[in-house]
Amino acid sequence: MRCLYCKGSLEDRQTNFIVDLGECIMIIKNVPSQVCSQCGEVSYSNEVAKKLEAVVDRMRSMVRDVAVFEYSKIVA
Ligand SMILES: [Zn+2]
């Protein structure tokens, strides 16, 4: 797979996913992702993106200020 932006090559790497929901910020650590070795753009597989979305949806009512999760522990 190639980077959508610069056509650089993508590497499998774990990255931190940070989402700012306004009233709170969620950080999900060590998410499996593909990182462009050229421009650093991070992308997720459809499966991972769906799981991230589900986690954010599930946790947003419980989170205040800032919360940090470990991907492997929070994703079923
Ligand atoms: Zn790139």
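Up top is the structure.
Reading the values: the criteria
Residues numbered from 1 in each chain as written. Predicted model: local features only at pLDDT ≥ 70, side-chain atom pairs only at ≥ 80, totals over all residues. Heavy atoms only, no water. Helix = DSSP H or I, 4+ residues; strand = E, 2+ residues; numbered from the N terminus. Contact = heavy atoms within 4.5 Å. Areas by Shrake-Rupley, 256 points an atom, 1.4 Å probe, with all protein chains shown as cover. Lys, Arg positive; Asp, Glu negative; His and termini not counted. Charge placed at Lys NZ, Arg CZ, Asp CG, Glu CD. Donors = N, O, S within 2.8 Å, 3.2 Å for Na, K, Ca; no water. Tetrahedral: all angles 85-135°; square planar, octahedral: opposite > 155°, others 65-115°. Buried < 20%, exposed > 50% of the residue type's maximum accessible area, 1.4 Å probe, protein only. Salt bridge = Lys/Arg side-chain N within 4 Å of Asp/Glu carboxyl O. Phe/Tyr/Trp six-rings, centres within 6.5 Å; stacked < 30°, edge-to-face > 60°.

Participant: Could you give me a rundown of the overall build of the chain, with the residues and numbers involved?
Facilitator: In terms of regular secondary structure, the chain is built from 2 helices and 4 strands. Along the chain, from the amino end to the carboxyl end, the secondary structure elements read β-β-β-α-β-α. Projecting the C-alpha coordinates of the chain onto the three principal axes gives extents of approximately 40 × 25 × 15 Å. Across the chain, every contact between residues at least 6 apart in sequence was considered, and the portion connecting residues at least 24 apart equals 50%. Looking at the chain as shown, the accessible area adds up to about 5,300 Å², and 49% of this sits on carbon and sulfur atoms. Across the chain, the mean location of the 10 positive side-chain charges is 3 Å away from that of the 10 negative side-chain charges.

Participant: Go over the coordination of the zinc ion with me, naming the residues and quoting the values.
Facilitator: Geometry sets the ideal angles at a metal, namely 109.5 degrees for four tetrahedral donors and 90 or 180 degrees for six octahedral donors. Surrounding the zinc ion are the protein donor atoms C3 (SG), C6 (SG), C36 (SG) and C39 (SG), which sit 2.3 Å from the metal. Coordination geometry of the zinc ion: the 4 donor atoms subtend angles of 101 to 115° at the metal centre, consistent with an arrangement described as tetrahedral. If you list the donors of the zinc ion from N- to C-terminus, the spacing comes out as C-x2-C-x29-C-x2-C. Among the residues examined, C3 registers a relative accessible area of 3% and is labelled buried.

Participant: Please set out the pattern of salt bridges residue by residue, giving values where relevant.
Facilitator: Counted by the stated rule, this structure contains 2 salt bridges. E11 is paired through a salt bridge with R13; the nearest N and O atoms lie 3.2 Å apart. Judged by its relative accessible area of 42%, R13 falls in the partly exposed class. Among the salt bridges present, the one from K51 reaches E47, with a minimum N-O distance of 3.2 Å. Note that K51 and E47 are positioned in helix α1 (residues 46-59) at a spacing of 4 residues, about one turn of the helix. Under the relative-accessibility criterion, K51 is labelled partly exposed at 27%. A residue is classified by how much of its surface remains accessible, and E47, at 52% relative accessible area, is exposed.

Participant: Explain the packing of aromatic side chains to me, using residue names and the numbers behind them.
Facilitator: A complete count under the given rule lists 1 aromatic pair for this structure. Ring centres 5.7 Å apart and planes at 80° place the aromatic pair F17 and Y44 in the edge-to-face group. Note that F17 is positioned in strand β1 (residues 10-20) and Y44 in the loop between β3 (42-43) and α1, a separation of 27 residues in sequence. Taking relative accessible area as the criterion, Y44 reaches 25% and is therefore assigned partly exposed.

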